[in-house]
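So you can see what is in the structure, the chains are spelled out below.
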Amino acid sequence: SLSEAFVGIPFLPALPELKQAQEVLNESVPPTSQLPAQLKRLIPLLAHDSAPVRLQTLKQVHRVLRDGRRHLFDLIAGSDVAEDVVSELLTALLRL
């Protein structure tokens, strides 16, 4: 099934050329609305061998954090899960 093939692809860049592929990805693996889950899927890509993949991942992390800013503040204020995710994210960013 396509969902198995897309397991390692948490997002695609927002390019017109990839619109159809994005639709297939969204149908096969619905995007998660959980901020920690989104960040956990993106963090490994920050260490990818390809610089363009890392750049697109940074842009996606920026979008996720910007769009989920309020949720991020709530998580940081009252959750151990957020502490783990934020720690992992900061560690990955410092390794860039």
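Draft legend 1. Focus on the overall build of the chain. Across its full length, the chain holds six helices and zero strands. Of the regular secondary structure in the chain, the N- to C-terminal order runs α-α-α-α-α-α. When each of the 96 residues of the chain is scored for burial, the buried share is 26%. Residue pairs in contact within the chain that sit at least 24 positions apart in sequence constitute 58% of those at least 6 positions apart. Taken as a whole, the chain presents about 6,700 Å² of accessible surface, with 57% of it coming from carbon and sulfur.

Draft legend 2. Molecular detail of the environment of Ser28. Along the polypeptide, Ser28 turns up in helix 2 (residues 19-28). Given the relative accessible area of 18%, Ser28 is considered buried. Expressed as a C-alpha distance, the spacing of Ser28 and Ala5, which sit 23 residues apart in the sequence, is 9.1 Å.

Draft legend 3. Quick look at the nonpolar core. Among the nonpolar cores identified, the biggest contains 14 residues, and Leu35, Leu39, Leu42, Val64 and Leu89 are the most heavily contacted of them. Within the residue set of this core, elements represented by two or more residues are helix 3 (35-42), helix 4 (51-67), helix 5 (69-78) and helix 6 (80-94). If sequence neighbours within four positions are ignored, Leu42 has contacts with Pro10, Phe11, Thr57, Gln60, Val61 and Val64.

Draft legend 4. Spotlight on the pattern of salt bridges. The tally for this structure, following the rule as stated, stands at two salt bridges. Put simply, Lys40 and Glu88 hold a salt bridge, and the shortest N to O gap is 3.4 Å. Placement of Lys40 in helix 3 and of Glu88 in helix 6 is noted, with a sequence separation of 48 residues between them. Between Arg66 and Asp67 there is a salt bridge whose closest N-O contact spans 3.5 Å.

Draft legend 5. Main features of the layout of surface pockets. Of the voids in this model, the second largest pocket is the one considered here, and its volume is about 180 Å³. Taken together, the elements giving at least two residues each to the lining of the second largest pocket come down to helix 3 and helix 4. At four residues, helix 4 tops the list of elements feeding residues into the lining of the second largest pocket. Here the lining of the second largest pocket is composed, by residue class, of five nonpolar, three polar and two charged.

Rules of the game
Residues numbered from 1 in each chain as written. Predicted model: local features only at pLDDT ≥ 70, side-chain atom pairs only at ≥ 80, totals over all residues. Heavy atoms only, no water. Helix = DSSP H or I, 4+ residues; strand = E, 2+ residues; numbered from the N terminus. Buried < 20%, exposed > 50% of the residue type's maximum accessible area, 1.4 Å probe, protein only. Contact = heavy atoms within 4.5 Å. Areas by Shrake-Rupley, 256 points an atom, 1.4 Å probe, with all protein chains shown as cover. Core = buried A, V, L, I, M, F, W, Y, C linked by side-chain atoms within 4.5 Å. Salt bridge = Lys/Arg side-chain N within 4 Å of Asp/Glu carboxyl O. 1 Å grid on protein atoms, 1.4 Å probe; cavity = no way out; pocket = protein on both sides within 12 Å on 5 of 7 lines; lining within 4 Å. Points joined across faces, edges and corners; volume = space filled by probe spheres on them. Nonpolar A, V, L, I, M, F, W, Y, C, P; charged D, E, K, R; others polar.

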